[in-house]
Amino acid sequence: MATDPNTVKGYNENAEAYNNHASDPTDSIFHSYYEKPAIRAELPKLEGLEVVSIGCGSGVDTRWLADNGAKKVVGVDISEGLLKIAKANNPDIEYHEMDMEHLDFPDESFDLAYSSLAIHYVDDWTKSLKEAYRVLRSGGAYIFSCGHPIDTAMEYAVEDDTKYARLGRMVDQVTQKRTTFGDYLANEGKGVKPVGGTLGTIDVIVYHRTFGKMIEEVLTSGFSIERVVEPQPTTEMQQANPDMFEQLSRIPTFMIWVLRK
Ligand SMILES: C[S@@+](CC[C@H](N)C(=O)[O-])C[C@H]1O[C@@H](n2cnc3c(N)ncnc32)[C@H](O)[C@@H]1O
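In what follows, the accompanying structure is described. By convention here, each chain's residues receive numbers from 1 onward along its written sequence. Where local features are concerned, this predicted model is filtered to residues with pLDDT of at least 70; where side-chain atom pairs are given and counted, the filter is 80 or more; whole-chain, interface and lining totals use all residues. The basis for every side-chain value is the complete set of heavy atoms in the structure, and neither hydrogens nor water enter the calculation.

## Considerations on a nonpolar patch on the surface
Part 1 of the reasoning: Side chains of Ile-215, Leu-219, Ile-225 and Val-228 sit close together on the surface and give an oily, nonpolar patch of about 290 Å² of accessible area.
Part 2 of the reasoning: Put simply, DSSP H or I for four residues or longer makes a helix, DSSP E for two residues or longer makes a strand, and each gets a number counted from the N terminus. Sorting the residues of the nonpolar patch by element identifies helix H8 (211-220) and strand E12 (224-229) as the ones contributing at least two each.
Part 3 of the reasoning: Structurally, the position occupied by Val-228 is in strand E12. Patch criteria: residues need more than 30% relative accessible area and no salt bridge. Like-charged residues are merged within 9 Å; nonpolar side chains of Val, Leu, Ile, Met, Phe, Trp and Tyr are merged within 5 Å. Computed with the Shrake-Rupley method and a 1.4 Å probe, the accessible areas treat only the protein chains shown as cover for residues. Salt-bridge detection follows one rule: a side-chain nitrogen of Lys or Arg within 4 Å of a carboxyl oxygen of Asp or Glu.

What follows is the structure, given as structure tokens:
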């Protein structure tokens, strides 16, 4: 398992809280007013499609996919706790406990693979992308969202009651001393580095990777890249949280990939 075991433990132990967060659009504003509208805008017409949702969590997106026309929706996730909630809330949808690096489906089982904010939990995208490629029918799309490397490259510091997230440089105009903040290139990990964070009460590890590394892993897996979207927040975000709206209008947190087999 390439996902950090403590991340999986965190999701399992806080499954109810995560589901409450993900099910309430006014609580999960990063989803409802930013990431979900952006990823949904990239989806094809779902009518007649067999869809696998990879890292489906407590099933909020699988419900949406089924309610919006998909012929069949199958959800997979590594968290037993989240799947229990998904199954209880959506008895008409099929769920399986699976690691996205080992999808236990025959080749060419689905027309569309969908994944929302899950792939950045694995340290090596290649295995998971190759699995998505294998289970897709020819011409099928893999549409997924993940953390944007601009965001995960930042370093954090708290000074005088203010928390800073920094990526950039500072040059003292008297001494010319140069200080660099953040680490985009992550040379030690050849473009990949673990980044700790919290999602409500859940401690998680996600993996930063450079744009170049992402592209390398996508192309190695066999997919062609149709589009990469760096979304804007919606007007609902402007009303709900104007400061966050301004931040997300200028500095991305997430991005969307549209890949084709
Ligand atoms: C931020 S949640 C997103 C859940 C859901 N897609 C949503 O938008 O509400 C990330 C999900 O990825 C799942 N996940 C992390 N690593 C995984 C892996 N290796 N295989 C399958 N699922 C994984 C977690 O268990 C969690 O449900």
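Following the structure, the description resumes.
## So, unusual backbone geometry
Part 1 of the reasoning: With phi around 50°, Asp-160 is a residue other than glycine that occupies positive phi space.
Part 2 of the reasoning: Structurally, Asp-160 can be placed in the loop between strand E6 (155-159) and strand E7 (162-166).
Part 3 of the reasoning: Between buried and exposed lies partly exposed: a residue is buried under 20% and exposed over 50% of the maximum accessible area for its type, with that area taken using a 1.4 Å probe on protein chains only. For Asp-160, a relative accessible area of 75% gives the class exposed.
Part 4 of the reasoning: Phi is positive for Asp-161, close to 65°, though the residue is something other than glycine.
Part 5 of the reasoning: Tracing the backbone through its elements, the reader meets Asp-161 in the loop between E6 and E7.
Part 6 of the reasoning: According to the relative accessible area criterion, Asp-161 is exposed, its value standing at 81%.

## Digging into the packing of aromatic side chains
Part 1 of the reasoning: Each Phe, Tyr or Trp ring (for Trp, its six-membered ring) is paired with any other whose centre lies within 6.5 Å, and the angle between the two planes then decides the class: stacked below 30 degrees, edge-to-face above 60, tilted in between. Enumeration according to the criterion identifies 13 aromatic pairs in this entry.
Part 2 of the reasoning: With 5.9 Å between their ring centres and 75° between their planes, Phe-30 and Phe-254 make a pair best called edge-to-face. Here Phe-254 lies in strand E13 (residues 254-260) and Phe-30 lies in helix H3 (residues 29-41), a separation of 224 residues in the sequence.
Part 3 of the reasoning: The exposure class of Phe-30 is partly exposed, given its relative accessible area of 25%.
Part 4 of the reasoning: Accessibility expressed as a relative area gives 13% for Phe-254, which makes it buried.
Part 5 of the reasoning: Seen in terms of ring centroids, Tyr-142 and Phe-144 are 5.0 Å apart; in terms of plane orientation they differ by 45°. Their pairing is tilted. When sorted by exposure, Tyr-142 lands in the same class as Phe-144, which is buried.
Part 6 of the reasoning: Members of the aromatic cluster, each reached through a chain of ring pairs, are Trp-125, Tyr-133, Tyr-142, Phe-144, Phe-211, Phe-223 and Trp-257.

## Overview of the packing of helix H6 (residues 125-135) against H8
Part 1 of the reasoning: Every axis in this analysis is a line fitted to C-alpha atoms, fitted for helices over the stretch in contact. Angles between the N-to-C directions lie between 0 and 180 degrees. In contact at an axis separation of 8 Å, H6 and H8 are set at 40° when each is read in the N-to-C sense. The element H6 and its partner H8 pack so that their crossing is right-handed. Residue-level contacts link Trp-125, Thr-126, Leu-129 and Lys-130 of H6 to Met-214, Glu-217, Val-218 and Thr-220 of H8.
Part 2 of the reasoning: Here the residues of the contact of H6 with H8 sort into four nonpolar, two polar and two charged. Helix crossings get a hand from a simple test, with the near helix turned counterclockwise from the far one by less than a right angle marking a left-handed crossing and a clockwise turn marking a right-handed one. By definition, residues are in contact when any of their heavy atoms lie within 4.5 Å. In this classification, Asp, Glu, Lys and Arg are treated as charged, Ala, Val, Leu, Ile, Met, Phe, Trp, Tyr, Cys and Pro as nonpolar, and every other residue, Gly included, as polar.

## So, the site of the ligand
Part 1 of the reasoning: Around the ligand lies a shell of 20 residues, among which Thr-3, Lys-36, Gly-55, Asp-77 and Met-100 are the nearest.
Part 2 of the reasoning: A distance of 2.9 Å is found between an oxygen atom of the ligand and a side-chain nitrogen or oxygen belonging to Tyr-18.
Part 3 of the reasoning: Contacts described as polar in this section are N or O atom pairs within 3.5 Å, which, within protein, must combine one atom able to donate a hydrogen with one able to accept it, while residues neighboring in sequence count only if both atoms come from side chains. Side-chain polar atom of Asp-99 to a nitrogen atom of the ligand: 3.0 Å apart, as the coordinates give it.
Part 4 of the reasoning: Here the ligand has 590 Å² of accessible area as a free molecule, and 98% of this is covered by the chains.
Part 5 of the reasoning: In the shell around the ligand, the residues fall into eleven nonpolar, five polar and four charged. Residues are counted as near a molecule or strand when any one of their heavy atoms sits within 4 Å of it.

## A short note on the pattern of salt bridges
Part 1 of the reasoning: Tallied over the entire structure, the rule returns 17 salt bridges.
Part 2 of the reasoning: Lys-72 is paired through a salt bridge with Glu-94; the nearest N and O atoms lie 3.9 Å apart. Placement of Lys-72 in strand E2 (residues 72-77) and of Glu-94 in strand E3 (residues 94-97) is noted, with a sequence separation of 22 residues between them.
Part 3 of the reasoning: Exposure remark for Lys-72: the relative accessible area of 35% places this residue in the partly exposed category.
Part 4 of the reasoning: Connected through shared salt-bridge partners, Glu-35, Lys-36, Arg-40 and Asp-61 make up one network.

## A short note on helix H10 (residues 242-250)
Think of an α-helix as 3.6 residues a turn; residues three or four steps apart then line up on the same face.
Part 1 of the reasoning: Residues of H10 that are buried include every one of Met-244, Phe-245 and Leu-248, and no others. For H10, the arc enclosing every buried residue in end-on projection is 105°, short of the 170-degree limit, so these residues lie on one face. Residues of H10 that are exposed and point over 90 degrees away from its buried face: Pro-242, Asp-243 and Arg-250. Read the arc as the range of directions from the helix axis to the C-beta atoms.

## Remarks on the sheet that holds E2
One key point about sheets: their strands pair by backbone hydrogen bonds, in either a parallel or an antiparallel sense.
Part 1 of the reasoning: Spatially, the seven strands line up as an open sheet ordered E3-E2-E1-E4-E5-E13-E12, and their pairing is mixed. Taken across any chain shown, the strands that pair with only one partner, and hence form the sheet edges, are E3 and E12. Averaged over all pairs of adjacent strands, the angle between strand axes in this sheet comes to 15°, irrespective of strand direction.
Part 2 of the reasoning: Note on pairing: two strands pair once DSSP finds at least 2 bridges between them. For strand E4 (residues 110-115) and strand E5 (residues 136-147), the ladder comprises five bridges, and the chain directions are parallel. Considered in E5, the bridge of Tyr-114 is made with Ile-143.

Shape descriptors only; they carry no functional weight alone.
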